[in-house]
Each structure stands twice: as C-alpha cells, then as structure tokens.
Amino acid sequence: MGRADERRARQRGGRRAAPRNRTSQQAAPATPAQAEGPTTTAVEPPAAEAATRAERRRAATRKPGGSGAPGKPAKGRIRRLFTWKKMLGAFFTVCLLGIGSFIALYMMVSVPEGNALAQTQSNVYKYSDGTILARKGTVNREIVDLSKVPKAVQHTFVAAENKTFYSDNGIDLRGMARGLYNTARGRGTQGGSTITQQYVKNYYLDQDQTVTRKLKELVISLKVDREKTKDEILAGYINTSYYGRGAYGIQAAAQAYYRVDADKLTVEQGAYLAALLQAPSQYDWAVAGPVGKKLVQARWNYVLDNMVGQKWLDKSERDAMKFPIPKDPKPASGLEGQKGYLVDLANTQLENQLMKSQNITRSQAEAQVVDQGWTITLNIDPKKQAKLEAAVKSQLTGKLDGKKRKVDNNVQAGAVSVDPKTGKILALYGGVDYYKHYTNNASRADYQPASTFKPIILAAALDQNAKTQNGKDINADTIYDGTSGRPVKGSDIAFAPPNEDDANYGNITVQTAMNKSVNSVFAQMGVDVGMKNVLKTADDLGLDTQNLQAVPAMTLGSMGASPLEMASVYATLDNHGQKVTPTILASAEKTGRKVELPDPIGDQVISAEAADQVTSVLTGVVDDGTAKASVAQNPLRKGQQVAGKTGTSDSNKSAWFTGYTPDLVTSVGLFGEDAKTHNQVPLTGATGLIPGTGRINGGGYPAQIWATYTFGVTKKAKFDLSTELGAAVQPTDTPSFSETPSQTPSQTPSQTPTKSATPSQTPSQTPSQTPTKSPDPTTSAPSTPSQTPTGGITDNPLDPAGQQ
C-alpha cells in the first residue's frame, strides 16, 4: 500500500496498512475470504515496525556522529513553554499582583498632616497706612486665600505647569513612571509631575528622591484630588512653592519681585512668577546671566502662549504684553530701631486677645502667633512715629555722651501716644534700638510713676464725693495743710511724707497742691478718700493694680507703672471718664481667620464731672506749675490747651511727664538703668547740662520731649469741660479748709482771694488765683506770679529746680 493509500485509510477511520517489506518478507497470499472482502482493510503493524519507529524518534534526539549523547532540546519544546496562552496568563497575573499591591498601598497610605516647614510663615506687620513695617519669621512666607489672587494670574501657573489640571485626576502616569525609572537609575529629579503632585510633595512630604517617597506621592495625590477642590489644591501649590529671593508663597514673591501684594499682580507679572518655579535661582532677573535671561523670557512666552491656547487669554492682548522686569532685591525689613518694640507689643496684645477669647495659656497663644502667617496692621501713624523719634533724639539722646559721662549710658526713655477718642496707639518709643536694648521702655512697668499718680487720687475723691477729716467736700478749691512731713490723720499706718526739698507750703488749695506736686496734701487726701477706693479708681482708669496693697505710701506713686498704663489713665480722663484701653492693633488676620478685636473705648468708669475737673486742675500744672517752663512757655505752642502732670521718683531713678490736649495723650518716662547689670540707678547728672545737683525732673527732659512732639502734630484746640472748678475755669465757690491749720502760713499771698475764706487765718496762697490774663481758657498761659513760692520753679528749662 502506498503512502497515499495509507492516508486515505486513516481518513476513513481504518488502521494504517503494514508497509511493504521488499527485502525481508513476502506478502502472504490472500485467502478466498480476504479476496472477496474490502481491499482497504488495514493490517496491524508488526512489533518490529513499532520498534523501528521508536528508534527513529530516539535517534532524532542524538547528536550527529552516532555517539549517543543527548543534543539540544528541540525548538518545539521552547515553543510549548512560551505559548501565547501562557504569556497572556503571566501578564494578567502580574497585572493582578500590581493591582492588589496598589490597593494595599492605597489602603495603607493616608493623607498626613502638613509638614511643619510648609506651614511655617512669616508674620507681616503694616503701619496704619498699609505700608510694610516689618516681616518677622524664620521663613518668608505669607499664605493668602486664592480669592486674593486674580483669576488670570491663577491661570498663569496652570498654563506653566499643568494644562490639564482642571480635568485630570491629580497624577500623570507617564511622568510618574519616567520619574520612578530615573530615580531607580540614579538620574535625580527627572520626570514630570502635576500641580497636585507638586503640592503634595511641598506640603505633605519632603524633597527626598526615593522610590518610596514617589509611591507615597502618587497615592496621596489621588486621595487629595478626591478630598479637595481644584481651587484648594491650586491655592496650596502657589502658597507653598519656593520662588527664590527667600520667598515662599505667591504673596512673599509678589513683594520680593514687584513690591506689591498678590492681589495687585498683573498677568505679565504672574507669568514671570510662574516661570520662576522651574528654576528660581537661574531665572531671577537680578542675578541671571545672558543665558538665564533668555531662558526665563522663553519660559514666560511659553506660559502666555499656553494661556492663549487654553482660551484664558486673548491673543491680541497677549501680543501687546511686554516682559515685566522685576525690581532689584531689597533686604527684608528687620526689627532694628523702634520696629522691634512695635512688633513685640502687637504680638503681646494679639496673644492677650487669643488667651481671652479661647481660654488658653500664654504659651499656647504664643504658639498661635509667632511665625504663623499673620498679617497684622498697626494703628501706628508713620508720620507721628517719626516725629516722636525725632523729639526724643533732639531733646535727649542727642545730648547723651557715654564716653564723657558714665551716667549717660544709663538713661532710658519710653513714650506712648494715644488718640483718646479711639484708643489707637499712634506712636511709640521703646528705647534707643531694639537690638541694643531689648526691654520695651514703653510697656515696662518696673519704675515708679511718682507724682503722675496724684491725679488718680483726686479723681477718686471727686468720683466718690469724698470728704475731708472735718467733713468738707474735696474739690479743686479745698484747702489742705501743705506742711512737709506732717503726719497723716485717720490712717492706721503711721505716714508722714516729706515734700520735695522738704518745702513747706502751709495751707493751700488742692489746685495749688497739684501745681506744686505737694506730697503731704495728697497723702492726706488718699486717706480721706480711703486707699481701697483710690486703688479701685486706679484700676478702673487703666493702671494694673493686681497684687498692690492699699496703703498710704501708694499716694506717692511708689508702685510700678508703664508709660502705656499712664497713657491709658490720662486718656480716660481726657475722654470724660469713659475708659480708654490703648491698642496698637488695627487688625489681625490670616488665611481663613480674622481675630475680632475688642473696642478700645469702654464703659464710663468715673463720672464726666470728676474727669473734667481733674483735667481742669491739670491745666494749672502746665500754666502755673512744674511744667510751665517746658510746656506752657514752649515757643512751639500755638494756643493748644494742655493738661498734664510731672513726676520725679525717689533717688531720681525715674522722671515723667504725662500730658494731653483734647485730641492727643502722650506719656513720656525716663528711667535710670545700669547698662550692664540693668539695676535701677539715678539719672542725676545725665547730659551734664543741668546746673546744681543735676537732678532730672519731670518738668525737664520728659516735658521737653512731650512738647516738641505734641506741638508738632496737634492743632489748636480747647477742652470741652463739664466743670466750674479748676485752673481752666474761673472759681465760683468759697474755698473750704480741710482742717484747722496747724501753723501760720509761711508767706503772704501775692493776690487776695475773690471771696473770703472761712478760717480766721489768711491762706498762704490764693486757692485759685485770679489770672492776670483774660479768663477765656483758649488764650495763652497766665503770667508768672509776682512771688516765687518755696520750692517754686525757674523759667530755665535746663534748670527745673524743685520741679516734680
């Protein structure tokens, strides 16, 4: 049977016929039955034939040459191992493992808290007119709400970094794969990222170039894209990115490159800032070389062209745009000079408000304020601030020479100026320089206010309708015994204070006692009113009385007080008894938060009549008393009515003048502080310009500073007072003695009272002298009395002997 027959037989289902064997055996003759049957019936192959086939298969696996050693596997075996079915199965297996691993990673990795550095910001402090006072913080960053960034400027960043930002899911798989590959190969930071990924890297992670960090970036980006809006992500991106020049965030960058706030950026400027993000140092116009400038301009054009392509910018408008050359770098505002004092007080007052509103500790409030991205606007008027600084320099610090006189190194000045109608602190002097003298002299409360406390005693007496020991009402015309060292009557504690220079004044009115700052009178008045009542009034007016004891010695101003506190007290008097709490804060806000500040003007704490009578009395201190030479007769004065009080502490360690016009209150203090040990020391001898003992009194340099500043910034004005008593008005009542005088007056008055006094003795001075000028309070100061009383003043401002 031929091969064709065999094939046909197999196709018909039969068995293969035995092959012809022409050499070994002859085919058996067919039997009759076989001959009659079908001729195609297959015959079983003999065993020898089967063996022959097996041998052929074995031989096919042997190497040529007949050695019998096994050869290479047949190609069919490799094909069977890498069939398309197996390869497809392996591919799906890998995909399933990858998907499973990613799901596990997605479940394990959560969105972390923002890293501390990304949240650290600088606080920005502004003057009342909006100009920058200072930036303070370890990182120059100020986070702004996206609503404060013009929409077109927002688009510049999207056009520069991620045109599909508004439609993608937060990741770029191809760029991510490229980044992973390059990282694994050690090729650094190559590879593209979306805005979402860059925000995640800046805010949630770090800048490490590791596979683990990039995988985390991928997962967190997907989650952030689901959890946050696109605007929130874009805001986070532009607020955390670094722009060069030490600026983090778009607000700091806008100031660093164009000296404007983010809301004032133009499209051209925004495109430059967006271009900067690719290479901040190389693209900074101020330091870039020719190549860098070409590259940044090309990048700038690329950004604007992309905006046109995205329909965010009209082509004609884009064609008209010119490259906005940035301004030269400007050193960040530091805290030199007075800036540090202003910033410290602003921080303290903001912390105080947070403590009160949130019921938190000082340390907790400080953690919320320091380097937390606040924009704090102060009430400080830059023009008044400059005037105050100039007044201190011209009247005091310009006269100090520490090389010639050691005491000159110990002189410290502090001052606070307040608007009594609003409570705004308009100017402040904290010391010679924040970096040279850290303590803020304007707010320090460790020096005695001395006689500047006396108006508080009178205010308490008037507000409480207090009476003398013999039942007489206390007012400006009440007569007291002004004998130095006279024991105070009615006190459980023995107290007999001397007057300055141990001067005796005999029987004098309260008005004269205030003019001459007579200690013995106000010590008695404090006991008459009740020291607890005096202490309460001091607290109501603005003095911190915590931990103070209500003892007669307080009448001499023996407690500690700051210029800020004394400005509060006198501002409340100027405001007709309505409480004034001076504040340096105009506003304090940060992203998503604005602090509600209390009203500096509070309740009525003493009656308007009491406050106004104190003001009326204090005009006498200026016109006829210890501040006459420096203030009333100052050539800069242009008719302004002035009320005020001088003060000089024991051992001359402090000297004060706190005074006010109807529209401005300013407290000036001088403090003797050892330059090395910081202990309190006398001021005596400072400047070397004061003859005699060289004592620095309140009517000297403090009053001169006050007058030079105040008369340079206030207009002509008069007080609107609800009283008929005091130096500012003509007396109408007969003066009443507080008690029978213990001795004959030391001198005959220069003028006769308009009404006779009750006691038989003639008073030592007119209770309220009839001025030689017109009684109109708006006119200039009265003429000098014909006689100078014991312990009186001199017209020489450099020799204010006896002034207190």
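This one's a predicted model, so the numbers in the text were calculated from it and none came from an experiment.

1. Topic: the overall build of the protein
Here's step 1: A count of helices and strands for the protein gives 27 helices and 16 strands.
Here's step 2: Every one of the 804 residues in the protein was classed for burial, and the buried ones make up 49%.
Here's step 3: The long-range fraction of contacts in the protein, counting pairs at least 24 apart against all pairs at least 6 apart in sequence, stands at 70%.

2. Notes on the packing of helix H12 (residues 250–258) against helix H13 (residues 267–276)
Here's step 1: With their axes 11 Å apart at the nearest point, H12 and H13 run at an angle of 110 degrees to one another. With respect to each other, H12 and H13 are oriented roughly perpendicular. By crossing handedness, the relation of H12 to H13 is classed as right-handed. Seen from H12, the contacting residues are Ile-250, Ala-253, Ala-254, Tyr-257 and Tyr-258; seen from H13, they are Gln-269, Tyr-272, Leu-273 and Leu-276.
Here's step 2: Residues that form the contact of H12 with H13 fall into these classes: eight nonpolar, one polar and no charged.

3. Things to note about helix H25 (residues 608–624)
Since the α-helix turns once every 3.6 residues, residues separated by three or four places project in the same direction.
Here's step 1: End to end, H25 covers 24 Å across 17 residues, agreeing with the expected 24 Å (1.5 Å per residue, within 8%).
Here's step 2: Burial within H25 is extensive, with 14 of its 17 residues counted as buried.

4. Some thoughts on the pattern of salt bridges
Here's step 1: Applying the stated rule across the entire model yields 19 salt bridges.
Here's step 2: A salt bridge links Glu-161 to Arg-299; the nearest nitrogen and oxygen atoms lie 3.2 Å apart. One end of the pair, Glu-161, is in helix H7 (residues 151–161); the other, Arg-299, is in helix H15 (residues 290–309), with 138 residues separating them in the sequence.
Here's step 3: A salt bridge links Arg-405 to Asp-408; the shortest N-O distance between them is 2.9 Å.
Here's step 4: With relative accessibility at 4%, the residue Asp-408 sits in the buried group.
Here's step 5: Look at the salt bridges and you will find they share partners, linking Arg-444, Asp-446 and Glu-673 into a network.

5. With respect to the pairing of strand E11 (residues 585–590)
Here's step 1: With four bridges joining them, strand E5 (residues 375–378) and E11 adopt antiparallel strand pairing. Its bridge partner lying in E11, Thr-377 is registered against Ser-587.
Here's step 2: Summarising the sheet, E11 and strand E12 (residues 593–594) pair through two bridges and their orientation is antiparallel. Directly across from Lys-590, in E12, lies its bridge partner Arg-593.
Here's step 3: In sequence, E11 turns back onto E12 through a hairpin of two residues, with Gly-592 there showing a positive phi of about 75 degrees.

6. Some points on the layout of surface pockets
Here's step 1: Size it by volume and the largest pocket reaches roughly 1,200 Å³.
Here's step 2: Around the largest pocket, the lining comprises 38 residues; the ones closest to its centre are Gln-349, Asn-352, Leu-564, Thr-581 and Pro-582.
Here's step 3: Contributing elements (two or more residues each) for the lining of the largest pocket: helix H17 (339–358), helix H24 (563–574) and E11.
Here's step 4: Looking at the lining of the largest pocket residue by residue, the class counts come to 11 nonpolar, 16 polar and 11 charged.

7. Considering the confidence of the model for the protein
Low pLDDT means the predicted coordinates in that region are not meant to be read closely.
Here's step 1: For the protein, per-residue confidence averages 80 on the pLDDT scale, and residues scoring 70 or more make up 71% of the total.
Here's step 2: With pLDDT under 50 throughout, residues 14–44 is counted as low confidence; its partners more than four residues away or in other chains account for 20 contacts.
Here's step 3: Here residues 736–803 scores under 50 on pLDDT; set against residues more than four positions off or in separate chains, the count is 152 contacts.

8. Some thoughts on the pairing of E5
Here's step 1: The alternating pattern of E5 places Thr-375 and Thr-377 on one face and Ile-376 and Leu-378 on the opposite face, and all of these are buried.
Here's step 2: Across three bridges, strand E1 (residues 123–126) lies against E5 in parallel orientation. Opposite Val-124, over in E5, you have Thr-375 as the bridge partner.

9. Let's talk about helix H20 (residues 454–463)
Here's step 1: The buried fraction of H20 amounts to nine of the 10 residues, a majority that puts the element mostly inside the structure.
Here's step 2: Taken as a whole, H20 has its buried residues at Lys-454, Pro-455, Ile-456, Ile-457, Leu-458, Ala-459, Ala-460, Ala-461 and Leu-462.
Here's step 3: Following H20 by one or two positions, Asn-465 adopts a phi angle in the positive range, close to 50 degrees.

10. Observations regarding the side chain of Gln-412
Here's step 1: If you trace the backbone, Gln-412 turns up in strand E6 (residues 411–418).
Here's step 2: Within the structure, the side chain of Gln-412 is placed 3.0 Å from the side chain of Asn-441, a separation counted as a polar contact.
Here's step 3: Apart from the residues lying within four places of it in its own chain, the contact partners of Gln-412 are Gly-431, His-437, Asn-441, Gly-669, Leu-670, Phe-671 and Glu-673.

11. Some points on the sheet that holds E12
Here's step 1: Spatially, E2-E1-E5-E11-E12 is the arrangement adopted by the five strands of the open sheet, whose pairing is mixed. Across the chains shown, the open sheet's two edge strands, defined by having one partner strand only, are strand E2 (132–136) and E12.

12. Observations concerning the packing of H17 against helix H18 (residues 362–369)
Here's step 1: Where H17 meets H18, the axes come as close as 9 Å, and the angle between the chain directions of the two elements is 120 degrees. What the angle tells us is that H17 and H18 run oblique. For the element pair H17 and H18, the recorded crossing hand is right-handed. Within the contact between the two elements, H17 uses Asn-347, Thr-348, Leu-350, Glu-351, Asn-352, Leu-354, Met-355 and Gln-358 and H18 uses Arg-362, Ala-365, Glu-366, Gln-368 and Val-369.
Here's step 2: Classifying every residue of the contact of H17 with H18 gives five nonpolar, five polar and three charged.

13. Considering the environment of Ser-654
Here's step 1: Within the fold, Ser-654 resides in strand E15 (residues 654–661).
Here's step 2: Accessibility expressed as a relative area gives 1% for Ser-654, which makes it buried.
Here's step 3: In this structure the C-alpha to C-alpha distance between Ser-654 and Gln-412, which are 242 residues apart in sequence, comes to 9.4 Å.
Here's step 4: Separated by 2.8 Å, the side chains of Ser-654 and Ser-649 make a polar contact.
Here's step 5: Among the polar contacts made by the side chain of Ser-654, one reaches the side chain of Trp-656 at a distance of 3.5 Å.

14. Digging into the environment of Gly-249
Here's step 1: With respect to the helices and strands, the residue Gly-249 is situated in the loop between strand E4 (247–248) and H12.
Here's step 2: Taking the C-alpha atoms as reference points, Gly-249 and Tyr-237, 12 residues apart in sequence, are found 8.3 Å from one another.
Here's step 3: When residues no more than four places from it in sequence are discounted, the contact partners of Gly-249 are Ile-238, Asn-239, Ser-241 and Tyr-243.

15. Looking at the sheet that holds E15
Here's step 1: Pairing is antiparallel in the open sheet, where five strands are placed in the order E7-E6-E16-E15-E14. Every other strand in the sheet has two partners, leaving strand E7 (425–429) and strand E14 (643–648) as the edge strands with one partner each. Across the sheet, the axes of successive neighbouring strands diverge by a mean angle of 5 degrees, strand direction being ignored.
Here's step 2: Relative to strand E16 (residues 664–672), E6 runs antiparallel, the two sharing eight bridges. Paired with Val-411 across the bridge in E16 is Gly-672.
Here's step 3: Against the sheet, helix H19 (residues 382–395) touches E6 and E7, its axis set at about 30 degrees to E7.
Here's step 4: Across the sheet, H24 touches E6, E7, E14, E15 and E16, and the angle it forms with E16 is around 150 degrees.

16. Remarks on the packing of aromatic side chains
Here's step 1: Tallied over the full model, the rule gives 18 aromatic pairs.
Here's step 2: Measuring from centroid to centroid gives 6.1 Å for Tyr-166 and Trp-312, while their planes differ by 85 degrees, and the two rings are edge-to-face. Taken together, the positions of Tyr-166 in the loop between H7 and helix H8 (173–184) and Trp-312 in the loop between H15 and helix H16 (315–319) put the pair 146 residues apart, joining distant regions of the chain.
Here's step 3: The class of Trp-312 is partly exposed, set by a relative accessible area of 22%.
Here's step 4: With centroids separated by 5.4 Å and ring planes inclined at 85 degrees, the aromatic side chains of Trp-300 and Phe-323 adopt a geometry described as edge-to-face. One end of the pair, Trp-300, is in helix H15; the other, Phe-323, is in the loop between H16 and H17, with 23 residues separating them in the sequence. Per residue, the accessibility class of Trp-300 equals that of Phe-323, and both read buried.
Here's step 5: Taken together, the ring pairs connect Tyr-257, Tyr-258, Tyr-272, Trp-285, Trp-300 and Phe-323 into an aromatic cluster.
Here's step 6: Against the face of Trp-300 rests Arg-318, its NZ or CZ located 5.8 Å from the ring centre.

Cut-off values and rules
- Residues numbered from 1 in each chain as written.
- Predicted model: local features only at pLDDT ≥ 70, side-chain atom pairs only at ≥ 80, totals over all residues.
- Heavy atoms only, no water.
- Helix = DSSP H or I, 4+ residues; strand = E, 2+ residues; numbered from the N terminus.
- Buried < 20%, exposed > 50% of the residue type's maximum accessible area, 1.4 Å probe, protein only.
- Contact = heavy atoms within 4.5 Å.
- Axes fitted to C-alpha atoms, helices over the stretch in contact; angles between N-to-C directions.
- Parallel < 35°, antiparallel > 145°, perpendicular 65-115°, else oblique.
- Left-handed = near helix turned anticlockwise from the far one by under 90°.
- Nonpolar A, V, L, I, M, F, W, Y, C, P; charged D, E, K, R; others polar.
- Expected span 1.5 Å × (residues − 1).
- Salt bridge = Lys/Arg side-chain N within 4 Å of Asp/Glu carboxyl O.
- Pairing = 2+ DSSP bridges.
- 1 Å grid on protein atoms, 1.4 Å probe; cavity = no way out; pocket = protein on both sides within 12 Å on 5 of 7 lines; lining within 4 Å.
- Points joined across faces, edges and corners; volume = space filled by probe spheres on them.
- pLDDT = per-residue confidence, 0-100.
- Polar contact = N/O pair within 3.5 Å; in protein donor to acceptor, adjacent residues only side chain to side chain.
- Phe/Tyr/Trp six-rings, centres within 6.5 Å; stacked < 30°, edge-to-face > 60°.
- Lys NZ or Arg CZ within 6 Å of the ring centre and 35° of its normal.

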